[in-house]
Amino acid sequence: MADLVQYYGTGRRKSAIARVFLRPGTGEWKVNGKPFETYFVTEQQRVAAKRTLVVAELASSFDVVTTVKSGGVAAQADAVKMGIARALVLFNPELRKLLKAEGLMTRDARQKERKKYGQKGARKRFQFSKR
């Protein structure tokens, strides 16, 4: 039973949702069954996803297994970041203060604004012609 210890956290960003499972291990990552480097292609996405573990200095002590869906890859990386933060707080509640100070516990609630009728987009209007 001791092998099955894991910590769970849900992260969200835009419309992306990440389910994150932290298991004591050596620092291996799986994202939707794929290796970390294969799923998150750019360095910026990798840094964003790993930021929480780097700040907490626990990068090599947990295996991370995540399933992400919806949204773009960059939003998914941020969702993973938040999911890891929530899971780490379950692991050690004293980390909450550090993670909150870094802004990792707060959901980024910015969403895409809807297009309005009679306009070209959310804010942009059709060109006005006086004559």
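Above this text sits the structure in question.
Residues numbered from 1 in each chain as written. Predicted model: local features only at pLDDT ≥ 70, side-chain atom pairs only at ≥ 80, totals over all residues. Heavy atoms only, no water.

Draft legend 1. Quick look at the sheet that holds strand S5 (residues 62-69). With mixed pairing, five strands are arranged side by side in an open sheet as S1-S2-S5-S3-S4. Two strands close off the open sheet at either side, each with one partner strand: strand S1 (7-13) and strand S4 (34-35). Sheet analysis places strand S3 (residues 29-31) next to S4, joined by two bridges and oriented antiparallel. Across the sheet, residue Val 31 finds its bridge partner in S4, namely Lys 34. This element, helix H3 (residues 73-91), spans S1, strand S2 (16-24), S3 and S5 of the sheet and lies at about 145° to S1. (Pairing = 2+ DSSP bridges. Helix = DSSP H or I, 4+ residues; strand = E, 2+ residues; numbered from the N terminus. Contact = heavy atoms within 4.5 Å. Axes fitted to C-alpha atoms, helices over the stretch in contact; angles between N-to-C directions.)

Draft legend 2. Geometry of the nonpolar core. Residues Leu 22, Ile 84 and Leu 88 are the most contacted members of the largest nonpolar core, which totals 31 residues. If you list the elements that add at least two residues to this core, you get S2, S3, helix H1 (36-39), helix H2 (43-55), S5, H3 and helix H4 (95-101). (Core = buried A, V, L, I, M, F, W, Y, C linked by side-chain atoms within 4.5 Å. Buried < 20%, exposed > 50% of the residue type's maximum accessible area, 1.4 Å probe, protein only.)

Draft legend 3. Summary view of the pattern of salt bridges. Tallying each qualifying case throughout the model produces eight salt bridges. Of the charged contacts, one joins Arg 13 and Asp 78 as a salt bridge, the two residues approaching to 3.7 Å between their closest N and O atoms. Of this pair, Arg 13 sits in strand S1 while Asp 78 sits in helix H3; the two residues are 65 residues apart in sequence, bridging distant segments of the chain. Its relative accessible area of 10% is what places Arg 13 among the buried residues. Owing to a relative accessible area of 22%, Asp 78 belongs among the partly exposed residues under this scheme. Taking the shortest distance from any N to any O, the salt bridge between Lys 81 and Asp 78 comes out at 3.6 Å. (Salt bridge = Lys/Arg side-chain N within 4 Å of Asp/Glu carboxyl O.)

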